[in-house]
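Chain by chain, the residues:
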Amino acid sequence: MNTPADPYLLTPGPLTTAASTKAAMQRDWGSWDADFRAMTARLRAALLAVAGDTNGDYDCVPLQGSGSYCVEAMLGSFVPRNGHALVLANGAYGKRIATTLRYLGRSHTVHDTGDYLPPRAADVDRLLAAHEDITHVVVVHCETSSGILNPIEEIAEVTARHGRRLLIDSMSAFGAVPLDVRTLPCEAFVSSANKCIEGVPGFGFVIAKQSALQAAKGNSHSLALDLHDQWDVMNRTGQWRFTPPTHAVAAFLEALRLFEIEGGQAGRLARYTRNRDVMVDGLRALGFEPLLTAAWRSPIIVTFFSPAHASFSFERFYELMKAQGFIIYPGKLTNVESFRIGCIGALDEHVMRRVVEACGAALRTLGVPDGAPAHASLDAREALAA
Ligand SMILES: *Cc1c(COP(=O)(O)O)cnc(C)c1O
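The structure presented is a predicted model; accordingly, all values stated were derived computationally and were not measured.

Basis of the calculations
- Residues numbered from 1 in each chain as written.
- Predicted model: local features only at pLDDT ≥ 70, side-chain atom pairs only at ≥ 80, totals over all residues.
- Heavy atoms only, no water.
- Domains from an automatic or database assignment.
- Contact = heavy atoms within 4.5 Å.
- Buried area = accessible area lost by both parts, 1.4 Å probe.
- Buried < 20%, exposed > 50% of the residue type's maximum accessible area, 1.4 Å probe, protein only.
- Helix = DSSP H or I, 4+ residues; strand = E, 2+ residues; numbered from the N terminus.
- Pairing = 2+ DSSP bridges.
- Axes fitted to C-alpha atoms, helices over the stretch in contact; angles between N-to-C directions.
- Near = heavy atom within 4 Å.
- Polar contact = N/O pair within 3.5 Å; in protein donor to acceptor, adjacent residues only side chain to side chain.
- Areas by Shrake-Rupley, 256 points an atom, 1.4 Å probe, with all protein chains shown as cover.
- Nonpolar A, V, L, I, M, F, W, Y, C, P; charged D, E, K, R; others polar.
- UniProt positions renumbered as here; feature names shortened; annotations may be inferred.
- 1 Å grid on protein atoms, 1.4 Å probe; cavity = no way out; pocket = protein on both sides within 12 Å on 5 of 7 lines; lining within 4 Å.
- Points joined across faces, edges and corners; volume = space filled by probe spheres on them.

Points about the domain arrangement of the protein chain
1) Next: Considered domain by domain, the protein chain is made up of domain 1 (20–260) and domain 2 (264–385).
2) Next: At the interface, 30 residues of domain 1 touch 28 residues of domain 2.
3) Next: Across the interface of domain 1 and domain 2, roughly 2,400 Å² is buried in total on both sides, 60% from carbon and sulfur atoms.
4) Next: Broken down residue by residue, the surface that domain 1 buries against domain 2 is led by Asp 115, Tyr 116 and Glu 198, which jointly contribute 29%.

Here we look at the pairing of strand S8 (residues 165–169)
1) Next: Burial analysis of S8 places four of its five residues in the buried class, the great majority of the element.
2) Next: For strand S5 (residues 136–140) and S8, the ladder comprises five bridges, and the chain directions are parallel. Paired with Val 137 across the strands is Leu 166, a residue of S8.
3) Next: In this sheet, strand S9 (residues 188–192) lies alongside S8 in parallel orientation, the contact comprising three bridges. Within S9, the residue paired with Leu 167 across the bridge is Ala 188.

What to know about unusual backbone geometry
1) Next: In this model, Gly 13 is joined to Pro 14 through a cis peptide bond whose omega is -5°.
2) Next: In this fold, Pro 14 is placed in the loop between strand S1 (8–9) and helix H1 (19–23).
3) Next: Although it is not a glycine, Glu 198 sits at a positive phi angle of roughly 70°.
4) Next: Looking at the secondary structure, you find Glu 198 in the loop between S9 and strand S10 (203–209).
5) Next: The exposure class assigned to Glu 198 is buried, which follows from its relative accessible area of 6%.

Notes on the sheet that holds strand S14 (residues 338–342)
1) Next: Sheet architecture is open: three strands sit in the order S11-S14-S13, paired in antiparallel fashion. Every interior strand has two partners, whereas the edge strands, strand S11 (301–305) and strand S13 (329–330), have only one.
2) Next: Where helix H10 (residues 264–285) meets the sheet, its contacts fall on S11 and S14, and the angle it forms with S11 comes to roughly 10°.

Regarding the site of the ligand
1) Next: Residues in contact with the ligand, as listed here, are Ser 66, Gly 67, Ser 68, Tyr 93, Arg 96, Val 140, Cys 142, Thr 144, Asp 169, Met 171, Ser 172 and Lys 195.
2) Next: Backbone polar atom of Gly 67 to an oxygen atom of the ligand: 3.0 Å apart, as the coordinates give it.
3) Next: Thr 144 is positioned with one of its side-chain polar atoms (N or O) 2.5 Å from an oxygen atom of the ligand.
4) Next: Here the ligand has 380 Å² of accessible area as a free molecule, and 86% of this is covered by the chains.
5) Next: Residue assignment for the shell around the ligand shows that the elements contributing at least two residues are helix H3 (67–78) and helix H4 (92–104).
6) Next: Among the residues forming the shell around the ligand, the class breakdown is four nonpolar, five polar and three charged.

Here we look at the UniProt feature "modified residue: N6-(pyridoxal phosphate)lysine" (unreviewed entry) in the protein chain
1) Next: According to UniProt, the positions carrying the feature "modified residue: N6-(pyridoxal phosphate)lysine" (unreviewed entry) are Lys 195.
2) Next: Structurally, Lys 195 can be placed in the loop between S9 and S10.
3) Next: The buried category is assigned to Lys 195, whose relative accessible area is 9%.
4) Next: If near-sequence neighbours (up to four positions away) are discounted, Lys 195 is found in contact with Pro 12, Leu 15, Met 171, Ser 172 and Ile 344.
5) Next: Within polar-contact distance, the side chain of Lys 195 engages the backbone oxygen of Pro 12 at 3.1 Å.

Looking at the UniProt feature "domain: Aminotransferase class V" (unreviewed entry) in the protein chain
1) Next: According to UniProt, the positions carrying the feature "domain: Aminotransferase class V" (unreviewed entry) are residues 132–305.
2) Next: Along residues 132–305, the helical share is 37% and the strand share 18%, with 40 Å between the first and last C-alpha atoms.

Examining the layout of surface pockets
1) Next: Volume-wise, the largest pocket comes out at about 340 Å³.
2) Next: Lining the largest pocket are 23 residues, with Gly 67, Ser 68, Tyr 93, Arg 96 and Lys 195 sitting closest to its centre.
3) Next: Tallying contributions element by element places H3 first for the lining of the largest pocket, with five residues.
4) Next: The class makeup of the residues in the lining of the largest pocket is nine nonpolar, ten polar and four charged.
5) Next: For the second largest pocket, the full set of lining residues is Ala 24, Trp 29, Met 39, Arg 42, Ala 46, Ala 250, Leu 253, Glu 254, Leu 256, Arg 257 and Glu 260.

Written out as C-alpha cells, the structure is:
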C-alpha cells in the first residue's frame, strides 16, 4: 500500500505505476543490442494493435521527450510550410498547439470555445467552407486542463467530408478512450508513455498514416523532431536515431503486458470510469461541484470548483491531502478557482473511496463545512451551457 512517503499520484501523468512496471527498470540495455531493438519493435507493433491498425495503413513512431515534443514533431512534420491549420482549442493544451504552430511559423486559425464547451461539427463545417486554404484540423481528444472529452468522431467526419486532414492530440485519452483508425479517419495522432498505458515518462509516440510519413520528408523545421527521419531510420535499422530512453521502454513493455491482462482499452475504460464515478459521487456528497456537466466529463480527470467558504485554501487543502497519501492537481482554468483529481494510473475504486474520505477530513481540519462553490461559478457554467 502507498504511504504518505510514497503517495498516490491523482494526476494526469506522471501517474502512479504498478510495482512490476517500476521493477522492469532494474537493468541496463545497450541501445544497439538486438534485444533492445526487438523491444522497440514489440512496442511499435503493440501500439498499432491498440489503435486498431489491422491493414498496415499506419505506422508507429516513438520519439524521445515528453508529450509536447511529439505534438511539436507531429505539427512540424505533417503541416507543410505552406499549409494552414485550424486549431480547435478549449483549454491549455489547445492553446499550446497554437503556440507551437506560431513558433514553427505555420499559419493557423484558432477556434476557441473556452474552458467549458467542446468544438462542434457545425462550427468546423462553417469554418472549413469559409477557408479553402485550411489544410489540417488539429483537435485535442481529452483536454486535460478541464477534463472535457471532445467529440472527435464528429470532428473527424466533417474534416474528412471537406477533404482536409485531421491531427489529434490524444495524449491523455489513448488507451482508455476508444480511438480506432478503422472507424476514425485521421492523418495522425499522438500520445505518450506516462498516460493511459501507465508507463513512466521518457518518450511519446505518433501513430500516422504510412502515406503521411512518406510525404513528410523535408517538412520538419527540426532534426531531432523530424518524424520522417525517425521513422525511416527506425524502419531501416531497428534503432532510435539518438540515445533511446531504454529503461522507460522496458517499463512500458511491462505496462503494456498489464494493459492486455486488464482487457485492453475496454478494460481500462471500465476501471477509470468506475474510479471517476466513485470519486465524483463521493465529492458531491461533500458538497463539491464538478465543472462539467456529465455529458462532457471524461473518465480521465475531473475539475471541481474550489469551495466558496472563506477558510478554504487550495495550498492547505493540497498539503492535507498529501499528508494522507494523495497528490492532487491545481486547476488550470482561465477565470474560476478550481482543482483537479485524476482517475488514471494504477489505482482502483477502493483507493478512490479513501480519496473521498481524505477530502472530507481535509475540509474538517480547515473548518470548511462543505465543498459548495460560489453561486457565481455555477451561474457562469449554466450560462455557457445554455
Ligand atoms: C500530458 C498532455 C500533453 C503533453 O504534456 P507533456 O507535459 O509535454 O508531457 C499534451 N496534451 C495533453 C492533452 C496532455 O494531457
